[in-house]
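# Structure at a glance
Here is what each chain is made of, one letter per residue.
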Amino acid sequence: LVAPSNATVLIYGESGTGKERVAQAIHQMSPRREHPFVAIDCGALPEALLESELFGHVKGAFTGAISNKKGLFEEAEGGTLFLDEISDTSLIFQSKLLRALQEGEARPVGGNRSVKVNVRIMAATNRSLKEGIAKKTFREDLYYRLAVMPIMIPPLRGRLDDIPLLVEHFIKKYAAQNGKAPMFLSKEASELLLRMPWKGNVRELENVIERGVLVSQSAEISLESLLIEEEVTSLGYAPSTSLFSSTQEALSKVEKERIVESLEECDGNKSKAARVLGISRASFYNKLKRYQIPSAS
């Protein structure tokens, strides 16, 4: 829905959930897809260097500036500029960024002229910007400029249905990279992955699967090949699935009730109910079938 527009997007999510992947997907589905997607980690650079990277600088602007340099705003011309961990920036930098967004211009460090830029901005954070506003560490006006379209990415433990799909993808990826024949997870390993807490989210899952592919000596990736049994057992995620099962049952019950409510609110219009829930029509129909909810007229 948001991809075809030029609206700024603010993506929330824990570290490792795939915020940059979501930004890339939006860019690839947008009219700007033929132009650059440029990403920068705002928390990885000191303020002066971050400003220079984004806005560029002129020769002599500071020690070491031996020539003019284009900033990422200009590098991303016509495309998308992704500002990761925007919450880690200073108030001074935020003020300069806000001006650039409002004016559609970027002024190089040490320069006296601004350059017009045509860039779509997407930003991401793993912390609440509203808390930052309350603590006076984030500008409220910049927040509203960035959060035209806020998107929340749930942690991996909150979207267990994604795990088998991600596992399949990562196995194919690392088997191919290491010249191995097609591989698959053992039943025991698959069940364990659904019980993991995944504090590192998708990034942690990818590391576990890569390790399993490298260590495994056969097509089947065993639980032992993942090298996580000791860690999982110490955390209390041993073989019993009773807690996992009860959690899944509770989640399913809530989801079923919300689907029924949405159908009632939309007078049985399934397409409208799917939009209200923020899911595709295909997913909505699949859930109707899974929960055996009678199809409304």
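Summarised in this report is the structure supplied together with it. (Residues numbered from 1 in each chain as written. Predicted model: local features only at pLDDT ≥ 70, side-chain atom pairs only at ≥ 80, totals over all residues. Heavy atoms only, no water.)

### Description of helix H4 (residues 91-103)
- Taking 1.5 Å per residue, 13 residues should reach 18 Å; H4 reaches 18 Å between its end C-alpha atoms and fits that length.
- Turning to H4, its buried residues are Phe 93, Gln 94, Leu 97, Leu 98, Ala 100 and Leu 101. Down the axis of H4, the smallest arc covering the buried residues is 160°, so these residues share one side. When the buried face of H4 is taken as reference, the exposed residues oriented beyond 90 degrees from it are Ile 92 and Arg 99.
- Along its buried surface, H4 packs onto helix H2 (47-55), helix H3 (72-75), strand S3 (80-84), strand S4 (105-106), strand S6 (120-125) and helix H6 (140-146).
- Gly 104 sits one or two positions beyond H4 and adopts a positive phi of about 70°. (Helix = DSSP H or I, 4+ residues; strand = E, 2+ residues; numbered from the N terminus. Expected span 1.5 Å × (residues − 1). Buried < 20%, exposed > 50% of the residue type's maximum accessible area, 1.4 Å probe, protein only. Arc of directions from axis to C-beta. Contact = heavy atoms within 4.5 Å.)

### Quick look at the pairing of S6
- Of all six residues in S6, six are buried, a share of seventy percent or more.
- Of the two faces of S6, the one carrying Arg 120, Met 122 and Ala 124 and the one carrying Ile 121, Ala 123 and Thr 125 are both buried.
- When strand S1 (residues 9-12) meets S6, the two strands line up parallel, connected through four bridges. Within S6, the residue paired with Ile 11 across the bridge is Ala 124.
- Summarising the sheet, S3 and S6 pair through four bridges and their orientation is parallel. In the strand pairing of S6, Phe 82 is matched with Met 122. (Pairing = 2+ DSSP bridges.)

### Thoughts on the packing of helix H7 (residues 162-177) against helix H9 (residues 201-215)
- Where H7 contacts H9, the two axes come as close as 9 Å, and the packing angle between them is 45°. Comparing their axes, H9 and H7 come out oblique. You can see that H7 and H9 cross each other, and the crossing is right-handed. Facing Ile 163, Leu 166, Val 167, Phe 170, Ile 171, Lys 173, Tyr 174 and Ala 175 of H7, the residues of H9 in contact are Val 202, Leu 205, Glu 206, Ile 209, Glu 210 and Val 213. (Axes fitted to C-alpha atoms, helices over the stretch in contact; angles between N-to-C directions. Parallel < 35°, antiparallel > 145°, perpendicular 65-115°, else oblique. Left-handed = near helix turned anticlockwise from the far one by under 90°.)

### Let's talk about the packing of aromatic side chains
- In total, this model carries four aromatic pairs according to the counting rule given.
- Relative to Phe 82, the ring of Phe 37 lies with its centre 6.1 Å away and its plane at 25°, an arrangement referred to as stacked. Taken together, the residues span a long stretch of sequence, with Phe 37 in strand S2 (residues 37-41) and Phe 82 in strand S3 at a distance of 45 residues.
- By relative accessible area, Phe 37 is classed as partly exposed at 22%.
- With 5.5 Å between their ring centres and 5° between their planes, Phe 55 and Phe 73 make a pair best called stacked. On the criterion of sequence distance, the pair formed by Phe 55 in helix H2 and Phe 73 in helix H3 is long-range, its members being 18 residues apart.
- For Phe 73, a relative accessible area of 2% gives the class buried.
- Three or more aromatic residues joined by ring pairs make a cluster, and in this case those are Phe 55, Phe 73 and Phe 93.
- Positioned above the aromatic ring of Tyr 291, the side-chain terminus of Arg 290 is 5.6 Å from the ring centre. (Phe/Tyr/Trp six-rings, centres within 6.5 Å; stacked < 30°, edge-to-face > 60°. Lys NZ or Arg CZ within 6 Å of the ring centre and 35° of its normal.)

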